Each structure stands twice: as structure tokens, then as C-alpha cells.
Amino acid sequence: MTTTSKHDERIANLTFASVYPHYITKVEKKGRTKAELHQIIEWLTGYDEKQLQKLIEEKVTFKDFFQKATLNPNAEFIKGVICGYRIEEINTPLTKQVRYLDKLVDELAKGRKMDKILRTP
């Protein structure tokens, strides 16, 4: 699936800190915890809680957030539709990575079991 360059640029320039509170609200509203959110973020990106807090304080863009990340090799198994886009068909790497995170947060909020979210065998 091809996204527009304008769409990709908008995602790249969004700060992680501006979206993070929405992730927390979404998962907590559905009875999940901030700790679980951090667990899925760490699984996907390699960032521990201390690193994550630093990135939030620095107000890094999603572009920088994912450039500095060590993406989990099993991230490619994240599939499905999020925000109207089928993840496996997104061609722009950064947009795909952001949608991976969105999908994991969505699965957490929907009550999916953690071992399924983290794609563990």
C-alpha cells in the first residue's frame, strides 16, 4: 500500500511525546497498565523505561525515535489493519514501524494476551 509523501512526512515529524499520553489513556481505559504498554514498546524498540523517558523529555520525532531503536526481528509478524492501512502492504519503512506500534497498542487495549501481542512462539 502506498502512502502519500505528505502523510509519511507528517508521521515522521510527529513527536513521540505528543502521542505517548494517548497510548497510556487508551490502554488504561481498557483496564491495561502503563507497565504493559512499556513492555510492548520495549519489545518492539529495545528501549527500556529510562531510555523511553529520556526520549519523551527530548521530544524526539517518530523519525528519530525509530532511527535510534533496535527493532525486534519478529516485528515483521505484526499484521492486520490499523488506521485504515494494512500494515504488511505499507511500503515506507518509518510509516510501517509507527503502525507496528499503533497495532501493538491497539491489541493491548483490546485485551489480547501478552504472549500473542509480543509474537512469542
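Report on the accompanying structure. Bear in mind that the values here come from a model prediction, so they are computed numbers and not experimental data. (Residues numbered from 1 in each chain as written. Predicted model: local features only at pLDDT ≥ 70, side-chain atom pairs only at ≥ 80, totals over all residues. Heavy atoms only, no water.)

## Describing the side chain of Glu107
Then comes step 1: Mapped onto the secondary structure, Glu107 falls in helix H6 (residues 93-109).
Then comes step 2: Looking at Glu107, its side chain comes within polar contact range of the side chain of Arg119, at 2.7 Å.
Then comes step 3: Beyond its immediate stretch of four places on either side in the chain, Glu107 contacts Arg112, Ile117 and Arg119. (Helix = DSSP H or I, 4+ residues; strand = E, 2+ residues; numbered from the N terminus. Polar contact = N/O pair within 3.5 Å; in protein donor to acceptor, adjacent residues only side chain to side chain. Contact = heavy atoms within 4.5 Å.)

## As for helix H1 (residues 5-13)
Owing to its 3.6 residues per turn, the α-helix aligns residues three or four sequence positions apart on the same side.
Then comes step 1: Residues His7, Asp8, Ile11 and Ala12 constitute the buried set of H1. The buried residues of H1 occupy an angular sector of 135° when the element is viewed end-on, so they sit on one face. Opposite the buried face of H1, at more than 90 degrees from it, the exposed residues are Ser5, Lys6, Glu9 and Arg10.
Then comes step 2: On the buried face of H1, the contacting elements are helix H5 (62-67), strand S2 (85-86) and H6. (Buried < 20%, exposed > 50% of the residue type's maximum accessible area, 1.4 Å probe, protein only. Arc of directions from axis to C-beta.)

## Side note on the environment of Glu58
Then comes step 1: As for its placement among the helices and strands, Glu58 is situated in the loop between helix H4 (49-57) and H5.
Then comes step 2: Looking at Glu58, the relative accessible area reads 41%, which means it is partly exposed.
Then comes step 3: Through-space distance from the C-alpha of Glu58 to that of Arg119 is 30 Å; in sequence the pair is 61 residues apart.

## Structural notes on the packing of helix H3 (residues 34-45) against H6
Then comes step 1: Here H3 crosses H6 at 150°, and the two axes come no closer than 10 Å. The angle between H3 and H6 places the two elements in the roughly antiparallel class. Of the two elements, H3 crosses H6, and the hand of that crossing is right-handed. Here H3 contributes Glu36, Leu37, Ile40, Ile41, Trp43 and Leu44 to the contact with H6, which in turn contributes Gln97, Tyr100, Leu101, Leu104, Val105 and Leu108.
Then comes step 2: Counted by class, the contact of H3 with H6 contains ten nonpolar, one polar and one charged residues. (Axes fitted to C-alpha atoms, helices over the stretch in contact; angles between N-to-C directions. Parallel < 35°, antiparallel > 145°, perpendicular 65-115°, else oblique. Left-handed = near helix turned anticlockwise from the far one by under 90°. Nonpolar A, V, L, I, M, F, W, Y, C, P; charged D, E, K, R; others polar.)

## Re the packing of H1 against H6
Then comes step 1: Orientation of H1 relative to H6, taken along the N-to-C sense of each, is 60°, at an axis distance of 9 Å. Here H1 is positioned oblique relative to H6, judged by the angle of their axes. You can see that H1 and H6 cross each other, and the crossing is left-handed. Across from His7, Asp8, Ile11 and Ala12 in H1, the residues of H6 making contact are Leu94, Thr95, Val98 and Arg99.
Then comes step 2: In terms of residue class, the contact of H1 with H6 is built from four nonpolar, two polar and two charged.

## A short note on H4
Then comes step 1: For H4, the complete set of buried residues consists of Leu52, Leu55 and Ile56. Projected onto a plane normal to the axis of H4, the buried residues spread over an arc of 100° and lie on a single side. Exposed residues on H4 whose side chains face more than 90 degrees from its buried face are Lys50 and Glu57.
Then comes step 2: The inward-facing, buried residues of H4 contact helix H2 (16-29), H3 and H5.
Then comes step 3: You can read the cap of H4 off the contacts: a side-chain oxygen lies 3.1 Å from the backbone nitrogen of Lys50, and it is on Asp48.
Then comes step 4: In the segment just after H4, Lys59 is the residue with positive phi, at about 55°.

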